[in-house]
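Structural features, examined
Here are the chains, one letter per residue:
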Amino acid sequence: MKFLIITHVPHLVDEDGIYAYAPYVREMNLWLKHADEVVLLAPKHYKSKSLIDLSYSHDNLIFKEVSSIDFTGLKKAFLSFFKIPLILFEIFKACRDSDHIHLRCPGNIGLLGCLVQMLFPNKSKTAKYAGNWDPEARQPLSYKFQKWILSNTVLTKKTQVLVYGDWEDQSKNIKPFFTATYKNEERIIPKVRDYSGCLTFIFVGGLVEGKRPLFTIKIIEALVKQGVQAELYLFGDGELKLELQKYIAHNNLGEYVKLMGNQDKDAIKKAFREAHFLILPSKSEGWPKAIAEAMFFGVIPISTSVSCVPFMLDYGNRGVLIDCNLESAVEIILRHVKSLEGLKSMSKNAFKWSQNYTLDVFETEIIKLLEA
């Protein structure tokens, strides 16, 4: 089978292999185990490899570069407009020559792929919508357009669309799905945490506005002022790093708030084994991997009610749901940290649920999709 991937994810190509964001590549490698030949159609970038990059594992992989497109500014939009015809042509050729088309959405390249795939109604296709599928969510018009095309079984034939969460009134091609990080063999019975002493909170994600890392720091700052013994470790990097450093220094928070930068899977796994809580007050999510990974080791997630997060947290039985108001969020967390037995039960519920979603189970589901 000749397997085509159409994605906006930027890739690094060097003599050692083809690299991209590790969680995405780790998932794609499971798909590629069942393909004879792989064509990867994606933008290329020229940054050096980092700890969060991983290489594809396939002996017959062809990388076809397409330009990235961006409509966030007038100049970028103008240049992107002229790139689109060539990108569409490249996508058309790749689709024509493939046996199975795999779209990664939402994204600008994925959007173009959604349009081109309509010309191949008899080809086997899958689409992974890695964003928030909630029909009521406020999203950019391009995201809504992609969701509309993917849901339309007249325009999108022979396509199974994988989405996070089980939503009502969906077309027959929409399949609730999940993402995994750990294998069956990595399942353990986590230690029972002591919630009566200093509480360790971690944040895992990009230091970007959408993940609200500053709001996370302010939550810990407020908890400490309320007399809670707490420490926060932020794993990740991004455009807000300098702003966060300044806030930590200006407010003398360095004793209990630490920026850890990007770390590899083993370092994050070690942090999960020891932490009490994960805080992820995102503005939007698909299937937040950090939450599922933390729960795998008994870490209690604290998160906003976005996308399928309420389902993941069983509406408060496997984690703590907060809103984006600081005073309210702190009040909710304070109420929970006073219930030591409640926290132990929540931790147990979290790991029992998360350990159902392993890479082994994920691969079994992928095989079913490819054989359908």
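Everything discussed here concerns the structure shown above.
Here we look at the pattern of salt bridges
Using the criterion set out here, one finds 17 salt bridges in the structure. A salt bridge links K49 to D16; its shortest N-O distance comes to 3.9 Å. Placement of the pair is K49 in the loop between strand 4 (37-42) and strand 5 (53-55) and D16 in the loop between strand 2 (12-14) and strand 3 (17-21), with a sequence separation of 33 residues. Taking the relative accessible area as the measure of exposure, D16 reaches 52% and is therefore exposed. The residue E90 makes a salt bridge to K93 at a minimum N-O spacing of 3.6 Å. One end of the pair, E90, and the other, K93, are both in helix 2 (residues 74-96), three residues apart, so they sit about a helical turn from each other. Of the residues examined, E90 reaches a relative accessible area of 22% and is grouped as partly exposed. What emerges from the salt-bridge pattern is a single network uniting D14, D16 and K49.

Side note on helix 3 (residues 108-116)
Counting buried positions along helix 3 yields seven of nine residues, so the element is predominantly enclosed. Of all the positions in helix 3, only I109, G110, L111, L112, G113, C114 and V116 are classed as buried.

Quick notes on unusual backbone geometry
Along the chain, C105 connects to P106 via a cis peptide bond; the corresponding omega equals -5°. Here P106 shows up in the loop between strand 7 (100-105) and helix 3. Its identity as a non-glycine residue notwithstanding, R212 has a phi of 55°, on the positive side. In this structure, R212 sits in the loop between strand 11 (199-204) and helix 5 (213-225).

Comments concerning the environment of T7
Note that T7 resides in the loop between strand 1 (2-6) and strand 2. By relative accessible area, T7 is classed as buried at 0%. Here the alpha-carbon distance between T7 and C105, two residues 98 residues apart in the chain, equals 7.3 Å. Among the polar contacts listed, one links the side chain of T7 to the backbone nitrogen of V9, at a separation of 3.0 Å.

Considerations on the packing of aromatic side chains
A full pass over the atoms with the stated rule returns 23 aromatic pairs. Arranged with centres 5.1 Å apart and planes meeting at 70°, the rings of F78 and F82 form a pair that is edge-to-face. One end of the pair is F78 and the other is F82, both in helix 2 and four residues apart, which spans about a single turn. In this structure F78 comes out as exposed when scored by relative accessible area, which is 53%. Looking at F82, the relative accessible area reads 55%, which means it is exposed. Here the aromatic cluster, defined as three or more aromatic residues joined through ring pairs, consists of Y164, F177, F178, W287, F311, W353, Y357 and F362. Its end group placed over the ring of Y19, K49 keeps NZ or CZ at 4.7 Å from the ring centre. The ring of W133 carries K147 above its face, with NZ or CZ at 5.6 Å from the centroid.

A look at the nonpolar core
In summary, soluble globular proteins display a tendency toward joint burial of nonpolar side chains. Residues F201 and F272 are the most contacted members of the largest nonpolar core, which totals 91 residues. Once residues lying within four places of it in the same chain are set aside, the contact partners of F201 are I220, L223, A230, E231, L232, Y233, F277, I279 and I302. Residues V66, A94, L103 and L111 belong to the second largest nonpolar core, which totals 28 residues.

A closer look at the side chain of R318
With respect to the helices and strands, the residue R318 is situated in the loop between helix 9 (309-312) and strand 16 (320-322). The charged side chain of R318 is buried without a salt bridge, its nearest counter-charge being D314 at 4.2 Å. Only 2.8 Å separates the side chain of R318 from the backbone oxygen of M312, close enough to count as a polar contact. If we ignore the near neighbours within four places in the chain, the residues touching R318 are M295, P301, F311, M312, L313, M346, N349, A350 and W353.

Conventions used here
- Residues numbered from 1 in each chain as written.
- Predicted model: local features only at pLDDT ≥ 70, side-chain atom pairs only at ≥ 80, totals over all residues.
- Heavy atoms only, no water.
- Salt bridge = Lys/Arg side-chain N within 4 Å of Asp/Glu carboxyl O.
- Helix = DSSP H or I, 4+ residues; strand = E, 2+ residues; numbered from the N terminus.
- Buried < 20%, exposed > 50% of the residue type's maximum accessible area, 1.4 Å probe, protein only.
- Polar contact = N/O pair within 3.5 Å; in protein donor to acceptor, adjacent residues only side chain to side chain.
- Phe/Tyr/Trp six-rings, centres within 6.5 Å; stacked < 30°, edge-to-face > 60°.
- Lys NZ or Arg CZ within 6 Å of the ring centre and 35° of its normal.
- Core = buried A, V, L, I, M, F, W, Y, C linked by side-chain atoms within 4.5 Å.
- Contact = heavy atoms within 4.5 Å.
- Lys, Arg positive; Asp, Glu negative; His and termini not counted.

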